[in-house]
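Topology and contacts: notes
So you can see what is in the structure, the chains are spelled out below.
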Amino acid sequence: MALANLSVDRVVTEALALVNEGGLEALTMRRLADRLRAHLPTIYRLVDGKDALIDEMAEAILAKALDNAETADPQWSTRVKSLAAGLRSALLAQRDGARIVGGNYAAKRANLTFVDTLVGGVQAGGLTGERALWAASSLFCYVLGEVLEQQGAAGGETEMLEGVVRAGDYQHLASSPVEQLLDFDARFEFGLALLMSGMHPGDRCG
């Protein structure tokens, strides 16, 4: 396929589809070129290697996260929670989405726009300076970590946990509804509420 018939968007779309089919490990520049029926140098002229490609893939996911969020709500806490939920939804919609976005610091439009909007929401709640940045970062990393856990779950974990706990070596787990560790929706909402409570006036550390 000639360079004129390809675009970065098309390359990214097919790369994300390749990951959906076989996981992030299945993504190589050679496989992507074969999928696009293009010469490998053609792909490299559009994206400068796999790291740059993953940056573009993260950009596409974060653009969807912004689309998912209700950022016009007048209530700052609603905006922030919506951004967190929108990010989670976009990550879960893509296989290995958390791995693609995690550690991505590329200075690209969707990435910066998402973070800027999140920081703005936190600032509207009363935090300023480094605290606003740290709060936004904590929230972003919380969502990434939760999705990474959920996407890494292969099934059967509940039975395994219950079996280990029944052995009697872990008294605190035994006294808890351990199966709830794998209720990812409920624990996400709980953790999000916990983080949000620390951003309200009068409930902050320091």
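This one's a predicted model, so the numbers in the text were calculated from it and none came from an experiment.

Rules behind the numbers
Residues numbered from 1 in each chain as written. Predicted model: local features only at pLDDT ≥ 70, side-chain atom pairs only at ≥ 80, totals over all residues. Heavy atoms only, no water. UniProt positions renumbered as here; feature names shortened; annotations may be inferred. Helix = DSSP H or I, 4+ residues; strand = E, 2+ residues; numbered from the N terminus. Salt bridge = Lys/Arg side-chain N within 4 Å of Asp/Glu carboxyl O. Buried < 20%, exposed > 50% of the residue type's maximum accessible area, 1.4 Å probe, protein only. Lys, Arg positive; Asp, Glu negative; His and termini not counted. Phe/Tyr/Trp six-rings, centres within 6.5 Å; stacked < 30°, edge-to-face > 60°. Expected span 1.5 Å × (residues − 1). Contact = heavy atoms within 4.5 Å. Axes fitted to C-alpha atoms, helices over the stretch in contact; angles between N-to-C directions. Parallel < 35°, antiparallel > 145°, perpendicular 65-115°, else oblique. Left-handed = near helix turned anticlockwise from the far one by under 90°. Nonpolar A, V, L, I, M, F, W, Y, C, P; charged D, E, K, R; others polar.

Glancing now at the UniProt feature "domain: HTH tetR-type" (unreviewed entry) in the protein. Here the UniProt-annotated "domain: HTH tetR-type" (unreviewed entry) positions come out as residues 5–65. End C-alpha to end C-alpha, residues 5–65 measures 28 Å, and it is 75% helix and 0% strand.

Before going further, it helps to spend a moment on the UniProt feature "DNA-binding region" (unreviewed entry) in the protein. Feature annotation in UniProt assigns "DNA-binding region" (unreviewed entry) to the following positions: residues 28–47. Between the end C-alpha atoms of residues 28–47 there is a gap of 13 Å, over a span that is 75% helix and 0% strand.

In this section: the pattern of salt bridges. Between side chains of opposite charge, a pair can form when the charged atoms approach closely. A full pass over the atoms with the stated rule returns nine salt bridges. Residue Glu21 is joined to Arg35 by a salt bridge in which the shortest nitrogen-to-oxygen separation is 2.9 Å. A residue pair is termed long-range when its members are at least 10 positions apart, and Glu21 in helix H1 (residues 8–22) and Arg35 in helix H2 (residues 29–36) qualify at 14 residues. On the basis of relative accessible area, Arg35 is assigned to the partly exposed category, the value being 29%. Of the charged contacts in the structure, one is a salt bridge between Glu56 and Lys108, with a shortest N-O distance of 3.0 Å. Taken as a pair, Glu56 in helix H4 (residues 50–68) and Lys108 in the loop between helix H6 (97–101) and helix H7 (109–124) lie far apart in primary sequence, 52 residues in all. Taking the relative accessible area as the measure of exposure, Glu56 reaches 21% and is therefore partly exposed.

Below, the discussion takes up the side chain of Arg79. Positionally, Arg79 belongs in helix H5 (residues 76–92). Of the side chains with opposite charge, Asp73 lies nearest to the buried Arg79, which makes no salt bridge, at 5.8 Å.

The next point concerns the packing of aromatic side chains. Taken as a whole and judged by the stated rule, the model has two aromatic pairs. On the numbers, 5.9 Å between centres and 70° between planes, the contact of Phe114 with Phe140 is edge-to-face. Note that Phe114 is positioned in helix H7 and Phe140 in helix H8 (residues 129–152), a separation of 26 residues in sequence. Assigned by exposure class, Phe114 and Phe140 land together as buried.

A separate point is H7. Helix length check: H7 (16 residues) gives 22 Å between terminal C-alpha atoms against 22 Å at 1.5 Å per residue, within 8%. Taken together, the buried residues of H7 touch H4, H5 and H8. Immediately beyond the C-terminal end of H7, within one or two residues, lies Gly126, with a positive phi of roughly 115°.

Moving on, we get to the packing of H1 against H2. Across the interface, H1 lies against H2 with an axial gap of 10 Å and an inter-helix angle of 110°. Between H1 and H2, the angle falls in the class roughly perpendicular. Of the two possible hands of crossing, H1 and H2 adopt the one that is right-handed. Residues Arg10, Val11, Glu14, Ala15, Ala17, Leu18 and Glu21 of H1 form the contact with H2, whose participating residues are Arg31, Leu32, Arg35 and Leu36. For the contact of H1 with H2, the per-class residue count stands at six nonpolar, no polar and five charged.

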